[in-house]
2 protein chains.
Amino acid sequence: MDVEHQRMYQYYSEVCKAMSNPQRLAIIDILRQGEVPVGNLAEQLGRSISNTSQHLAVLKSARLVKCRKEGTTCYYSVSTPAIFKAFDCMAQIIFDGMTDRAEHREYLKSQVLV
Amino acid sequence: MDVEHQRMYQYYSEVCKAMSNPQRLAIIDILRQGEVPVGNLAEQLGRSISNTSQHLAVLKSARLVKCRKEGTTCYYSVSTPAIFKAFDCMAQIIFDGMTDRAEHREYLKSQVLV
DNA sequence: CATATATTTGCGATAATTCTAAATTACATG
DNA sequence: CATGTAATTTAGAATTATCGCAAATATATG
């Protein structure tokens, strides 16, 4: 494994790490709605604005989200649709990893609510 | 955000966490070759068998890889091709996150070596 | 300036990560 | 059965990360 590759894996791992938190995945999922202000996100998450902002900062430093300022409001959105694709891959991986029909049923039930 | 969703995000985050390590991403990348014995993986990674085995254990507990035993040898492979899809999403996300042409060129150069 | 919206900072507590080295298990074969 | 090969597991140690809260600090607007 050469140095170029190592650096590449390093980058990838940072993206994964940014995504490896339920709260932040929830944020990404909410951002399917499009641009959403921090306060709105916080409300949907049931968390404080401060806390939400901190998670957004993590996502931003991994370049997963971007924000647009309008007045005092910050509208957040994902930086690329590929993030939703990655999200959906996670769903696929978990679905494929399930062993029996009961698990699948249970899982699909939760998906309907999205 | 209801309980069902929280659990779902929890699952997803565990998959992400398993992938959020350069060493393990390297393993996944090597597994594009198909079934690979632990010793062989260790050699390609330039790490000890013990260390490699531990990373494999992490991947296995997240159900990202499976192994088939044949004699004293354990052949590892990914549990679903969706894992490669997720990997490739990471590549896409990073590519999309790059701002200038120089970065893109640099990145593509490293990809040629895969 | 006061208000609304976000961000940042400074903790503190807890828990996770990663590696090495050594012990252990599992299996095949002479 | 003894030995060697392949892999896993355990233990430990050092380092580092995570997460949330509360308070302080921006930033823009009327």
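On a predicted model such as this, the values are computed, not experimentally measured, just so you know. (Residues numbered from 1 in each chain as written. Chains lettered and ligands numbered in written order. Predicted model: local features only at pLDDT ≥ 70, side-chain atom pairs only at ≥ 80, totals over all residues. Heavy atoms only, no water.)

1. Topic: the relation of the copies chain B and chain A
Taken as rigid bodies, chain B and chain A are interconverted by a rotation of 180° and an axial shift of 0.0 Å, the fit giving an RMSD of 0.0 Å. The operation mapping one copy onto its partner corresponds to a two-fold rotation axis. A symmetric contact is evident, with 100% of the interface residues of chain B recurring at the interface of chain A. (Least-squares fit on C-alpha atoms with pLDDT ≥ 70 in both. Contact = heavy atoms within 4.5 Å.)

2. Some points on the pairing of strand β3 (residues 73-78) of chain B
Residues and elements named next belong to chain B. Where strand β1 (residues 36-37) and β3 come together, two bridges link them in antiparallel fashion. By the bridge assignment, Val36 is partnered in β3 with Tyr76. In this structure, strand β2 (residues 65-70) lies alongside β3, joined through six bridges in antiparallel fashion. Along β3, the bridge assignment pairs Val65 with Val78. Hairpin connection, β2 to β3: the antiparallel pair is bridged by two residues, and Gly71 has positive phi, about 70°. (Pairing = 2+ DSSP bridges. Helix = DSSP H or I, 4+ residues; strand = E, 2+ residues; numbered from the N terminus.)

3. Concerning helix α4 (residues 49-61) of chain B
Residues and elements named next belong to chain B. Given a rise of 1.5 Å per residue, 13 residues ought to cover 18 Å, and the 18 Å separating the end C-alpha atoms of α4 matches this to within 8%. When α4 is considered as a whole, its buried residues turn out to be Thr52, His55, Leu56 and Leu59. When α4 is viewed along its axis, its buried side chains cluster within an angular range of 105° and face the same direction. Of the exposed residues in α4, the ones pointing more than 90 degrees away from its buried face are Gln54 and Ser61. (Expected span 1.5 Å × (residues − 1). Buried < 20%, exposed > 50% of the residue type's maximum accessible area, 1.4 Å probe, protein only. Arc of directions from axis to C-beta.)

4. Observations regarding the side chain of His55 of chain A
Considering the arrangement of structural elements, one finds His55 of chain A in helix α4 (residues 49-61). Residues in contact with His55 of chain A, not counting those within four places in the same chain, are Asn21, Gln23, Arg24 and Ile27 of chain A.

5. A look at the pattern of salt bridges
When the charged atoms of two side chains lie near each other, side chains of opposite charge can form a pair. All names here are of chain A. Counted under the stated rule, the structure contains 10 salt bridges over all chains. With a closest N to O distance of 2.8 Å, Glu35 and Arg68 form a salt bridge. Of this pair, Glu35 sits in the loop between α2 (22-30) and β1 (36-37) while Arg68 sits in strand β2 (residues 65-70), placing them 33 residues apart in sequence. The partly exposed category is assigned to Glu35, whose relative accessible area is 39%. What you see here is one network of salt bridges that share partners, running through Asp29, Arg32 and Asp88. (Salt bridge = Lys/Arg side-chain N within 4 Å of Asp/Glu carboxyl O.)

6. Considerations on the protein's contact with DNA strand C
Around DNA strand C, the structure places 21 residues, and the nearest of them are Ser53 and Tyr76 of chain A together with Asn21, Arg47 and His55 of chain B. Those atoms of DNA strand C that come within 4 Å of the protein belong to sugar or phosphate at a rate of 71%. Cys74 of chain A is positioned with one of its backbone polar atoms (N or O) 3.3 Å from a phosphate oxygen of DNA strand C. In the model, a base nitrogen of DNA strand C is placed 3.2 Å from a nitrogen or oxygen of the Ser50 of chain B side chain. (Near = heavy atom within 4 Å. Polar contact = N/O pair within 3.5 Å; in protein donor to acceptor, adjacent residues only side chain to side chain.)

7. Some words on the interface of chain B and chain A
Many structure descriptions define interface size as the accessible area lost when the parts assemble. Contacts between chain B and chain A engage 48 residues on the former and 48 residues on the latter. Each partner contributes to the roughly 4,200 Å² buried at the junction of chain B and chain A, and carbon and sulfur atoms together form 71% of this total. Among the residues chain B hides against chain A, the three largest losses belong to Tyr9, Tyr12 and Ile93 of chain B. Together they make up 16% of the total. Linking chain B to chain A there are six residue pairs in polar contact (both at pLDDT 80 or more). Every element with two or more residues in the side of chain B that touches chain A is listed here: α1 (3-19), α2 (22-30), α3 (38-45), α5 (82-97) and α6 (101-112) of chain B. Residue composition of the side of chain B that touches chain A, grouped by class: 26 nonpolar, 12 polar and 10 charged. (Buried area = accessible area lost by both parts, 1.4 Å probe. Nonpolar A, V, L, I, M, F, W, Y, C, P; charged D, E, K, R; others polar.)

8. Points about the sheet that holds β2 of chain A
Residue and element names in this part refer to chain A. Read from one edge to the other, the open sheet built from three strands follows the order β1-β3-β2, with strand pairing classed as antiparallel. Each edge of the open sheet is held by one strand with a lone partner, namely β1 and β2. Here α4 sits on the sheet and contacts β2 and β3 (73-78); the angle it forms with β2, its principal contact strand, is near 120°. (Axes fitted to C-alpha atoms, helices over the stretch in contact; angles between N-to-C directions.)

Remember, this is a structural readout, not a statement about activity or role.
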